[in-house]
Amino acid sequence: MRALWGLDRPLAIQYGVWLRRAVTGDWGDSFSERRPVLRVVWERVPATLTLTGAALALSLGAGLGLGVAGAVIRRPAWQAALQGLAVIGMSVPTFWSGMLVLLLFSGRLGWLPSGGMATVGSGFSIGDRLWHLAGPALVLGSVYVALWTRYVQAGLAEVLGEDYVRTGRGKGVSERALVLRHALPNAAIPLLTVLGLELPRLLAGAMVTEVVFAWPGLGRLLTASLLGRDYPVAMGTLMLLAVAVVAANLLTDLAYRLVDPRVRLTEGPA
Amino acid sequence: MTAGRRVRRHGAALGAAACLGALALVALAAPWLAPRSPEAVDLRAVLRGPGAAGWLGTDDIGRDVLSRLLFAGRASLALGLGVAVVSIGLGGVLGALAGYRRGWVDTAVSTAIDALLSIPPLALAMVAAAFLQLTPWRLVLVLAGLSWTTVARLVRGQVLSLTERPFVEAARALGAPHGRVLARHLVPNLLGPVLVAGTLLVANAILIESALSFLGFGLPPPTATWGGMLHAAQIHFAEAPWLGIFPGLAIVLAVASINFLGDGLREAFDPRLRREAR
């Protein structure tokens, strides 16, 4: 059996063989499930995407709201508090906050399920899925709220001092439209940059959060496959994560184009 | 920025530094401060809450949580510091080489950085930890191998822009050898930003190590780290929450202090940021 799977050969050669097959789309078979790795890994993608997407949406929504409020209100105390919160947000490990959320809201209060993606034995329903998603998405999203807020607010504060904002004010555009329609898109550019840079960390956070909340995504798959020595699955998961980050970076670059029409995707004479 | 606000800002950094100093002292003095040995098993006092059996209670085989926490702090802080030091060495040398020599060296280093940045470091660390027999040194090397990129990018960028400045050009024109240009003209200008990045690296290293240990890929027992304590706390967490609450608090306290200190240092070294931050 060792010879059949090539486990008797040196690690470097095994890796070479794996790499040659992987680029052609053959990621091997899972040791434990006897199914193609590609299929095993692919099944977990929706769960991870749902979790990271929900966490991003929650934190971006909150961050945009608080950032706009902060830029309009302009209170030094608020800014200091925000900076402090951003630092603390990055310092609290999600596995710990996740454990506390589970202990409090699932164990003591019984408001949230103890983990998983759906109630066992019941069919799929949106409400059930959201109920299971709430805990992990809040825990993962809370890390980023203060960070996004900080960037939105700093960006807005800078943009609101620009000439075109003064022009807009002068010709009688309402303050509301000025901030939301004229200033916010420009202020969002630095936010996009951080968003792109933070993506690998967001994914890592999602992986750990998945383990705490028994959310059946890529993080749990990687943990389980490594602990169970199912190396083809582990390599496949790693590969997919790398592809995901590269794809997400590409999306970020495309989003620049959307927010800022001055950005050209092809190089050429300006 | 008003004077009052500046004091308050620095107040946060100073408070963080004091907190960090206290944590480091406590970790260093762990053998004298710990009420019991971190390994001492007492099966008559299992899963006792904070109180008579120990300030912070006991775990599932009757070991004293406070003593374990103190010794785990030693391991966690030392690992974090070690990772930062090795990362700065590795990233500093590679980044400086890339920025100074340019050409194929730059291409090679930049490609390596981009490749490493495309995978979540935690996932790579998990795979490395699963394949290697982890020892503290190997763990430091693995984590440093994943985090040198931040320093390298920073140093490369700084060196690229510094070498275009007139004072470096003047030094070269006067016939200063490369080594002298690097040591006398570039390194002093790099110290500040690298120190800031290094501080944040310590915080990140502690977080990654904790996550790794929490997932079950940390150092083998008996070495305890804060993350490892959290990993062990999961099974009995519902009945014995103190097992998980205190190690987590320790991580947050240490990492937040380091991050606050790093933020303060960044502002102290970078007057431009002081204006932008408003």
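Residues numbered from 1 in each chain as written. Chains lettered and ligands numbered in written order. Predicted model: local features only at pLDDT ≥ 70, side-chain atom pairs only at ≥ 80, totals over all residues.

**Some thoughts on the overall build of chain A**
1) Next: Within chain A one finds nine helices and zero strands.
2) Next: The helix and strand sequence of chain A, counted from the amino end, reads α-α-α-α-α-α-α-α-α.
3) Next: The 270 residues of chain A split such that 38% are buried. (Helix = DSSP H or I, 4+ residues; strand = E, 2+ residues; numbered from the N terminus. Buried ≥ 20, exposed ≤ 12 C-beta atoms within 10 Å, placed from the backbone.)

**Remarks on the overall build of chain B**
1) Next: Counting secondary structure elements, chain B contains eleven helices and zero strands.
2) Next: In chain B, the succession of α and β elements from N to C terminus is α-α-α-α-α-α-α-α-α-α-α.
3) Next: Taking as baseline every contact in chain B between residues at least 6 positions apart, the subset at least 24 positions apart corresponds to 71%. (Contact = placed C-beta atoms within 7 Å.)

**Structural notes on the interface of chain A and chain B**
1) Next: If you look at the interface, chain A gives 31 residues, while chain B gives 34 residues.
2) Next: Contributions of two or more residues to the side of chain A that touches chain B are made by α3 (76-91), α4 (94-108), α7 (175-213), α8 (218-227) and α9 (231-259) of chain A.
3) Next: The leading source of residues in the side of chain A that touches chain B is α3 of chain A, at seven residues.
4) Next: Considering only residue class, the side of chain A that touches chain B consists of 27 nonpolar, four polar and no charged. (Nonpolar A, V, L, I, M, F, W, Y, C, P; charged D, E, K, R; others polar.)

**Some thoughts on the packing of helix α3 (residues 65-101) of chain B against helix α9 (residues 226-233) of chain B**
Residue and element names in this part refer to chain B.
1) Next: Axis separation between α3 and α9 bottoms out at 8 Å; the angle between their running directions is 130°. Between α3 and α9, the crossing angle belongs to the class labelled oblique. Two secondary-structure elements touch here, α3 through R68, A72, G73 and S76 and α9 through W226, G228 and M229.
2) Next: Class assignment of the residues belonging to the contact of α3 with α9 gives a composition of three nonpolar, three polar and one charged. (Axes fitted to C-alpha atoms, helices over the stretch in contact; angles between N-to-C directions. Parallel < 35°, antiparallel > 145°, perpendicular 65-115°, else oblique.)

**Section: the nonpolar core**
1) Next: With 144 residues, the main nonpolar core has A123, M126 and L143 of chain B as its most contacted residues.
2) Next: Once residues within four sequence positions are removed from consideration, A123 of chain B is found in contact with A204, M207, L222, L238 and L241 of chain A. (Core = buried A, V, L, I, M, F, W, Y, C linked by C-beta atoms within 7 Å.)

**Describing the confidence of the model for chain B**
Close inspection of predicted coordinates is inappropriate in any region flagged by low pLDDT.
All names here are of chain B.
1) Next: For chain B, the average pLDDT comes to 79, and 86% of its residues sit at 70 or higher.
2) Next: Counting interchain partners and residues more than four positions distant, the pLDDT-below-50 stretch residues 274-278 has four contacts.
3) Next: Taken over the whole predicted complex, pTM reads 0.81, whereas the ipTM for its chain interfaces reads 0.76. (pLDDT = per-residue confidence, 0-100.)

**As for the environment of I88 of chain B**
All names here are of chain B.
1) Next: Inspection of the secondary structure assignment puts I88 in helix α3.
2) Next: Judged by the 23 C-beta atoms lying within 10 Å of it, I88 falls in the buried class.
3) Next: Between the alpha carbons of I88 and S147 there is a distance of 9.0 Å; along the sequence they are 59 residues apart.
4) Next: Residues within four places of I88 in sequence aside, it is in contact with V151, V194 and G198.

**Quick notes on the environment of L182 of chain B**
1) Next: With respect to the helices and strands, the residue L182 of chain B is situated in helix α8 (residues 178-214).
2) Next: Filtering out sequence-adjacent residues up to four positions away, L182 of chain B remains in contact with A96, Y100 and V187 of chain B.

**Quick look at the packing of α8 of chain B against α9 of chain B**
Residues and elements named next belong to chain B.
1) Next: In contact at an axis separation of 7 Å, α8 and α9 are set at 30° when each is read in the N-to-C sense. Between α8 and α9, the crossing angle belongs to the class labelled roughly parallel. At the point where α8 passes α9, the crossing takes the right-handed sense. Here E209, S210, A211, L212, S213 and F214 of α8 lie close against α9, whose contacting residues are W226, G227, G228, L230 and H231.
2) Next: Here the residues of the contact of α8 with α9 are counted per class, giving five nonpolar, five polar and one charged. (Left-handed = near helix turned anticlockwise from the far one by under 90°.)

**Looking at unusual backbone geometry**
Note: most residues except glycine have negative phi, and most peptide bonds are trans.
1) Next: The backbone of A214 of chain A sits at a positive phi, close to 50°, despite the residue not being glycine.
2) Next: Along the polypeptide, A214 of chain A turns up in the loop between α7 and α8.
3) Next: The class of A214 of chain A is partly exposed, set by 15 C-beta atoms lying within 10 Å.
4) Next: Phi angles above zero are rare outside glycine, and R102 of chain B is one such case at about 55°.
5) Next: Its place among the elements puts R102 of chain B in the loop between α3 and α4 (103-117).
6) Next: The exposure class of R102 of chain B is partly exposed, given the 14 C-beta atoms found within 10 Å.

**Points about α9 of chain B**
1) Next: Of all eight residues in α9 of chain B, eight are buried, a share of seventy percent or more.
2) Next: Buried within α9 of chain B we find W226, G227, G228, M229, L230, H231, A232 and A233 of chain B.

**Notes on the confidence of the model for chain A**
1) Next: For chain A, mean pLDDT is 77; residues scoring 70 or higher make up 85% of the total.
2) Next: Averaged pLDDT values for the elements of chain A fall to 72 in helix α1 (residues 11-22) of chain A and rise to 84 in α8 of chain A.

**Quick look at α3 of chain B**
Residue and element names in this part refer to chain B.
1) Next: Between its first and last C-alpha atoms α3 spans 52 Å; for 37 residues at 1.5 Å apiece the expected length is 54 Å, and the two agree.
2) Next: Taking burial as the measure, the 37 residues of α3 include 27 buried ones, the bulk of the element.
3) Next: Positive phi shows up at R102, right after α3, with a value of about 55°. (Expected span 1.5 Å × (residues − 1).)

**Some words on the environment of T199 of chain B**
Residues and elements named next belong to chain B.
1) Next: Within the secondary structure layout, T199 lies in helix α8.
2) Next: By the C-beta count within 10 Å, which is 21 here, T199 ends up buried.
3) Next: Along the sequence, T199 and G262 sit 63 residues apart, while their C-alpha atoms lie 5.5 Å from each other.

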